[in-house]
Structure formats: C-alpha cells, structure tokens
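Structural features, examined
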Amino acid sequence: QQPVQSPQAVILREGEDAVINCSSSKALYSVHWYRQKHGEAPVFLMILLKGGEQKGHEKISASFNEKKQQSSLYLTASQLSYSGTYFCGTESGQNFVFGPGTRLSVLP
Amino acid sequence: NAGVMQNPRHLVRRRGQEARLRCSPMKGHSHVYWYRQLPEEGLKFMVYLQKENIIDESGMPKERFSAEFPKEGPSILRIQQVVRGDSAAYFCASSPNLGWAQYFGPGTRLLVL
C-alpha cells in the first residue's frame with residue numbers, strides 16, 4: 001500500500017525551511033528519501049531504519065517515528081538546487097513502495 | 001565504478017511492436033527494480049528481481065509484460081504488442097540487498113506511435 005505524502009507541493013523562497021511528511025498504515029522496517037529533478041532520474045538522499053534515528057545530509061535531515069509509521073524530511077535554509085520532487089519509499093517485509101511525491105519549488 | 005546503465009535512452013515503437021529495455025546494475029548489486037513513470041506522476045513499482053529470480057512482480061501487468069535478470073547479462077523488461085498507453089519513462093534501480101539504497105539508471109523513454 002502506497003505511503004501518503006504531505007504536502008503535495010510547496011513553494012519556498014531561498015533560505016526558507018520546509019518539512020515534508022510521509023506516513024504509512026503498515027509496520028515499516030525502513031524509510032527512504034529520494035529527490036528527482038525534472039527530466040532526470042531519482043537520486044538517493046538517505047535511509048532511516050527502525051529505531052527512531054535522525055539522519056542528516058548537509059542541510060537536509062530526516063526523522064523516523066516507527067510507532068506512528070511516519071517520517072519527516074527537513075530542509076533548512078533552502079537553496080535553489082533543492083527544487084525537485086521528493087519521494088519517500090517505505091519498506092515492509094519483502095515489499096518496497098514509493099509515495100506519490102512532494103513537488104518543491106525554491107524561488108530566488 | 002560505473003553507475004546503473006540503461007539502454008536505449010529513447011525508444012520509439014509503433015503499436016503492436018515489441019519493446020525491449022535493458023538495465024545493467026551497479027557492480028556488486030544483485031537486486032534490480034523496474035519502475036514506470038508517466039509525465040508529472042510518481043514512480044510506479046513494476047517488478048523486483050534478484051539474479052535469476054523474480055521476487056515480486058505485483059506491479060506488472062499480467063499480459064504483454066515480462067522481466068528477467070539472467071545469471072549473465074543485463075536485466076530485461078520486455079513489452080510485447082505495445083499500445084499507446086505504454087508510453088512512459090521506465091527506470092531501473094539496483095541495490096546490494098532489499099532495503100538498501102536504490103541507485104537509479106537514467107531511464108528509457110518509450111514512445112508508442
């Protein structure tokens with residue numbers, strides 16, 4: 001079953017912060033985050049495993065609440081290069097499925 | 001270390017023809033995933049394969065579509081008797097194991113006339 005992402009789209013000014021949420025109705029083993037720029041392939045950002053850890057990647061970090069089966073991606077001091085569509089991917093058992101994506105536009 | 005390779009990058013077929021898409025995973029990766037993406041839409045899972053085995057094909061249409069990942073050579077996604085609705089970008093991704101990071105190829109853009 002596909003995870004739910006919110007918001008569907010967000011527009012920011014350079015330097016602003018954003019949070020993208022991903023939730024599932026299934027018990028999750030891990031959550032992945034990917035970014036896809038227009039016309040390009042998705043690029044892996046990070047994985048979060050069961051354990052509620054928080055990970056960081058420059059000014060992009062994420063958390064995973066395994067009790068709520070939710071993950072959040074935090075983008076701080078956004079840059080123009082952050083524009084793209086962000087997908088979460090959830091793993092449960094032998095099954096891996098991507099969410100519908102959140103379109104992020106960063107304006108100068 | 002070469003990334004995931006897909007070919008062809010663009011493929012044009014007429015209705016009723018066959019489309020054959022190839023994916024060479026990253027070195028050391030034995031797990032391959034195929035996804036379909038329509039313009040402005042998300043990544044729809046099609047099939048997950050490990051060397052010589054199909055692990056999960058729940059996202060693949062029962063008819064006309066097939067996938068394989070032989071012991072030697074690339075993974076192949078085959079679409080027989082293509083229809084206009086098959087036009088899409090097809091991405092493959094590879095990983096060393098299920099649940100590990102997936103690394104995507106550049107995709108094959110299929111256009112059915």
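Heads up: the structure comes first, above all this text.
Thresholds, definitions, all that
Throughout, a residue's number is its position along its own chain's written sequence, starting from 1. Labels follow written order: the first chain is A, the first ligand is 1, and so on. Where local features are concerned, this predicted model is filtered to residues with pLDDT of at least 70; where side-chain atom pairs are given and counted, the filter is 80 or more; whole-chain, interface and lining totals use all residues. To get the side-chain values, take all heavy atoms of the structure and skip hydrogens and water. Comment: elements are numbered from the N terminus, with helices defined as DSSP H or I runs of at least four residues and strands as E runs of at least two. The quantity called the radius of gyration is restricted to C-alpha atoms. Its globule counterpart is 2.2 Å times the number of residues to the power 0.38. Between buried and exposed lies partly exposed: a residue is buried under 20% and exposed over 50% of the maximum accessible area for its type, with that area taken using a 1.4 Å probe on protein chains only. Pairs of residues are marked as contacts when any of their non-hydrogen atoms sit within 4.5 Å. All accessibility values rest on the Shrake-Rupley procedure with a 1.4 Å probe; residue burial counts only the protein chains present in the view. Note on terminology: a nonpolar core comprises buried Ala, Val, Leu, Ile, Met, Phe, Trp, Tyr and Cys residues joined through side-chain atoms within 4.5 Å. For two strands to be treated as a pair, DSSP must find at least two bridges joining them. Interaxial angles span 0 to 180 degrees and are taken between N-to-C directions of axes, which are lines fitted to C-alpha atoms, for helices over the stretch in contact. The term buried area means the drop in 1.4 Å probe accessible area that two parts suffer when joined, counted for both and summed. Salt-bridge detection follows one rule: a side-chain nitrogen of Lys or Arg within 4 Å of a carboxyl oxygen of Asp or Glu. We define a polar contact as two N or O atoms separated by no more than 3.5 Å, with the added condition that, inside protein, one atom must be a possible hydrogen donor and the other a possible acceptor, whereas residues neighbouring each other in sequence contribute only through side-chain atom pairs. Here the term charged refers only to Asp, Glu, Lys and Arg, the term nonpolar to Ala, Val, Leu, Ile, Met, Phe, Trp, Tyr, Cys and Pro, and the term polar to all other amino acids, Gly among them.

**Brief notes about the overall build of chain B**
In terms of helices and strands, chain B carries 0 helices and 11 strands. Taking 2.2 N^0.38 as the reference for a compact globule, 113 residues should give roughly 13 Å; the C-alpha atoms of chain B span a radius of gyration of 13 Å, in line with that estimate. For chain B, the spread of C-alpha atoms along the principal axes amounts to about 35 × 25 × 25 Å. Buried residues in chain B amount to 46% of all 113 residues. Restricting to contacts in chain B with at least 6 residues of sequence separation, those with at least 24 account for 52%. Surface accessibility of chain B: about 5,700 Å² in total, with carbon and sulfur atoms responsible for 48%.

**Some details on the nonpolar core**
Counting 23 residues, the largest nonpolar core has W34, M46, L77 and Y90 of chain B as its most contacted members. Looking at this core, the elements with two or more residues in it are β3 (19–24), β4 (31–37), β5 (43–50), β7 (65–68), β8 (75–79), β9 (88–95) and β11 (108–112) of chain B. Counting residues in hydrophobic clusters, the runner-up holds 21 residues, among them L12, C22, I60 and L73 of chain A.

**Side note on the sheet that holds β8 of chain B**
All names here are of chain B. Read from one edge to the other, the open sheet built from 4 strands follows the order β1-β3-β8-β7, with strand pairing classed as antiparallel. Looking at the sheet topology across the chains shown, the edges are occupied by β1 (5–7) and β7. When the angles between neighbouring strand axes are averaged without regard to direction, this sheet yields 15°.

**Structural notes on the interface of chain A and chain B**
Each side of the interface is counted separately: chain A has 20 residues, and chain B has 21 residues. Each partner contributes to the roughly 1,500 Å² buried at the junction of chain A and chain B, and carbon and sulfur atoms together form 57% of this total. Linking chain A with chain B are 1 salt bridge. In this structure, E40 of chain B and R103 of chain A form a salt bridge, with 2.5 Å as the shortest nitrogen-oxygen distance. Viewed at the interface, chain B and chain A are joined by 4 residue pairs in polar contact (both at pLDDT 80 or more). Looking at the side of chain A that touches chain B, the elements that each hand over two or more residues are β4 (30–36), β5 (43–49), β9 (84–92) and β10 (95–98) of chain A. The greatest single-element share of the side of chain A that touches chain B, amounting to 4 residues, is contributed by β4 of chain A. The residue inventory of the side of chain A that touches chain B, partitioned by class, reads 9 nonpolar, 8 polar and 3 charged.

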